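What follows is the residue order along each chain.
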Amino acid sequence: MPVLPGAEPYRHEGGEVGVLLCHGFTGTPQSLRPWAEHLAARGLTVSLPLLPGHGTRWQDLALTGWQDWYAEVDRELRALSERCTQVFVFGLSMGGALTLRLAAKHGDAISGIVLVNPFNKMRDPMAFALPVARHFVRSTKGVVSDIAKEGSEEVGYTRVPLHAAHSLRRFSRLVDAELPQVTQPLLLLHSPQDHVVAPADSARILGRVSSTDVTELLLEQSYHVATLDHDADRIFDESVSFVDRLASDAKDSREGTTAGG
């Protein structure tokens, strides 16, 4: 199947500091493309993959599960780590959950993580029925373009396949159990008005990770897809400052070690 216009993956070869960006469930790289381009313009090496089953038609997503989505970002992280001296991971929504699992599994190989409206728990009362309902109902109505900014639209599916939703629910439980293993510096930005992911998800994540360098910022002017919304520039600038600070600290540490030894 051809990829939807705008949903193509994005890569940029820059300097020795790399950033992996992870998009959300039923979304595409389009939701993070302006962010990726902003990072690239600052000289960073950037990877923004298209997750399996996404960016074509919702029926393709029904044939995939969390193992496929996670394997894709894991491969991209390993490739970036071979190319760069430092790697950061950023994620939106389910991309935030993918980011957290990468952080839990890869430890010091990741220098820091940035989460925007990260997903933690499926709160729909009907979610408990997914194990059975997915065998009788193929899809349900999707949620795309939860954006306050007029004229801004997200490229994604208007239907959610229940098989994939069931896999996402299982993945969320796995990631929640692994949160205490997350120790990296964390920048978390979330919208008080989010019609897709509850603000309680961000609170849960902040309360369970083991990170000690933590910054929480509210995106008062944006809905769920904040990277395409009124607060987009703030997200971009804050994330660059976050990377610059940690990359500078690491460089000073390396230089200090070299000078001392």
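Remember, it's a predicted structure, so these values are computed and weren't measured experimentally.

(A) Representation of the sheet that holds strand β9 (residues 214–218) within the structure. Reading across the sheet, the seven strands line up as β1-β3-β2-β4-β5-β8-β9 and stay open at both edges, with mixed pairing between neighbours. On the outer flanks of this sheet lie β1 (10–12) and β9, each paired with one strand and no other. Pairwise comparison of adjacent strand axes, ignoring direction, gives a mean angle of 15° for this sheet. Note that strand β4 (residues 86–92) and strand β5 (residues 112–116) share five bridges and pair parallel. Bridge assignment links F90 to a residue of β5, and that residue is V114. Sheet contacts for helix α3 (residues 66–83): β1, β2 (17–22), β3 (45–48) and β4; angle to β2, the most-contacted strand, approximately 170°.

(B) Molecular detail of helix α1 (residues 33–41). For α1, every residue scored as buried is listed here: W35, A36, H38, L39 and A40. Looking one or two residues past α1, G43 carries a phi angle of roughly 90°, positive in sign.

(C) Examining the environment of S172 more closely. In this structure, S172 sits in helix α6 (residues 162–178). Judged by relative accessible area, which is 6%, S172 ranks as buried. Separated by 52 residues in the primary sequence, S172 and N120 have C-alpha atoms spaced 5.6 Å apart. Look past the residues within four positions of S172 in its chain and what remains in contact with it is F119, N120 and K121.

(D) Quick look at α3. A rise of 1.5 Å per residue sets the reference length of α3, with its 18 residues, at 26 Å; its end C-alpha atoms lie 26 Å apart and thus fit the reference within 8%. Residues of α3 that are buried: W66, W69, Y70, E72, V73, D74, E76, L77 and L80.

(E) A look at the packing of aromatic side chains. Throughout the structure, instances matching the rule amount to five aromatic pairs. Over the face of the ring belonging to Y70 we find R101, whose NZ or CZ atom lies 4.9 Å from the ring centre.

(F) Local environment of the UniProt feature "binding site: substrate" (unreviewed entry) in the chain. In this numbering, the UniProt entry assigns the feature "binding site: substrate" (unreviewed entry) to F25 and M94. Spatially, the listed residues are clustered: although they cover 70 residues, their C-alpha atoms lie within 5.5 Å of one another. Here F25 lies in the loop between β2 and α1. If we ignore the near neighbours within four places in the chain, the residues touching F25 are H54, L61, W69, M94, V160, A164, A165 and L168. Examined against the element boundaries, M94 turns out to sit in helix α4 (residues 94–106). Of the residues examined, M94 reaches a relative accessible area of 1% and is grouped as buried.

What counts and how
Residues numbered from 1 in each chain as written. Predicted model: local features only at pLDDT ≥ 70, side-chain atom pairs only at ≥ 80, totals over all residues. Heavy atoms only, no water. Pairing = 2+ DSSP bridges. Helix = DSSP H or I, 4+ residues; strand = E, 2+ residues; numbered from the N terminus. Axes fitted to C-alpha atoms, helices over the stretch in contact; angles between N-to-C directions. Contact = heavy atoms within 4.5 Å. Buried < 20%, exposed > 50% of the residue type's maximum accessible area, 1.4 Å probe, protein only. Expected span 1.5 Å × (residues − 1). Phe/Tyr/Trp six-rings, centres within 6.5 Å; stacked < 30°, edge-to-face > 60°. Lys NZ or Arg CZ within 6 Å of the ring centre and 35° of its normal. UniProt positions renumbered as here; feature names shortened; annotations may be inferred.

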